Amino acid sequence: MPDRIHLAIVGCGGMGHRHLFGLAELQRAGLSPFDLVAACDPVEANAVSLAGEAERLQGSRPAVVADLDGVASAGAVALDVTTSPRSHHTIACGAFGRGWHAMVEKPMGLTVRACRLITDAAAAAGTVLSVA
């Protein structure tokens, strides 16, 4: 992994903003290995809001994108998945399929099957999965 981890927050509603505040705290403490490169949400206003807050808190504005293709264009190698739980498995599996790492907000999935899809995809890709 590179010295700096290019991160995207996927899901820029309330939980995404709370995760951004945590990233900002890590940065203030000199403990952050992350560069936030993308704010991803299908609702553009949510992503714009998070990007603006990131610029205020961290001094740089991440790209505003609507999907994982946009995240790829921004150069992310890891996702912070803070969407509604029903989409966690789809987004996480999409990330692992691209060789990215992912932290997924709880619940990891809504069903045991969804959770197994996520863990199996991470293992098959040899990527890191964590659950917040």
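Just so it is clear, the model here is predicted, and its values are computed rather than measured. (Residues numbered from 1 in each chain as written. Predicted model: local features only at pLDDT ≥ 70, side-chain atom pairs only at ≥ 80, totals over all residues. Heavy atoms only, no water.)

K.L.:
Mind showing me how you'd approach the side chain of Asp-80 here?
P.N.:
Along the chain, Asp-80 turns up in strand 4 (residues 78–81). Among buried charged residues, Asp-80 stands out as having no salt bridge; its nearest opposite-charge side chain is Arg-18, 11 Å away. Ignoring sequence-local partners within four residues, the contact set of Asp-80 consists of Leu-7, Ala-8, Ile-9, Val-10, His-19 and Met-103. (Helix = DSSP H or I, 4+ residues; strand = E, 2+ residues; numbered from the N terminus. Buried < 20%, exposed > 50% of the residue type's maximum accessible area, 1.4 Å probe, protein only. Lys, Arg positive; Asp, Glu negative; His and termini not counted. Salt bridge = Lys/Arg side-chain N within 4 Å of Asp/Glu carboxyl O. Contact = heavy atoms within 4.5 Å.)

K.L.:
I would appreciate a short explanation of the sheet that holds strand 6 (residues 129–131) in the present structure.
P.N.:
Within a beta sheet, neighbouring strands are joined by backbone hydrogen bonds and run either parallel or antiparallel to one another. With parallel pairing, 6 strands are arranged side by side in an open sheet as 3-2-1-4-5-6. On the outer flanks of this sheet lie strand 3 (63–65) and strand 6, each paired with one strand and no other. The average angle at which neighbouring strand axes cross in this sheet is 25°, direction not considered. Relative to strand 3, strand 2 (residues 34–40) runs parallel, the two being bridged by 3 bridges. By the bridge assignment for strand 3, Cys-40 is matched with Val-65. Sheet contacts for helix 1 (residues 14–28): strand 1 (5–10), strand 2, strand 4 and strand 5 (101–104); angle to strand 1, the most-contacted strand, approximately 155°. (Pairing = 2+ DSSP bridges. Axes fitted to C-alpha atoms, helices over the stretch in contact; angles between N-to-C directions.)

K.L.:
What is the right way to look at the packing of helix 1 against helix 2 (residues 44–58) in this model?
P.N.:
Orientation of helix 1 relative to helix 2, taken along the N-to-C sense of each, is 15°, at an axis distance of 10 Å. If you check the angle between helix 1 and helix 2, you find them roughly parallel. Seen from above, helix 1 lies across helix 2 with right-handed handedness. Residues Gly-16, His-17, Leu-20, Phe-21, Leu-23, Ala-24, Gln-27 and Arg-28 of helix 1 form the contact with helix 2, whose own contacting residues are Asn-46, Ser-49, Leu-50, Glu-53, Ala-54, Leu-57 and Gln-58. Broken down by class, the residue content of the contact of helix 1 with helix 2 amounts to 7 nonpolar, 6 polar and 2 charged. (Parallel < 35°, antiparallel > 145°, perpendicular 65-115°, else oblique. Left-handed = near helix turned anticlockwise from the far one by under 90°. Nonpolar A, V, L, I, M, F, W, Y, C, P; charged D, E, K, R; others polar.)

Geometric descriptors of this kind do not, in isolation, establish any biological role.
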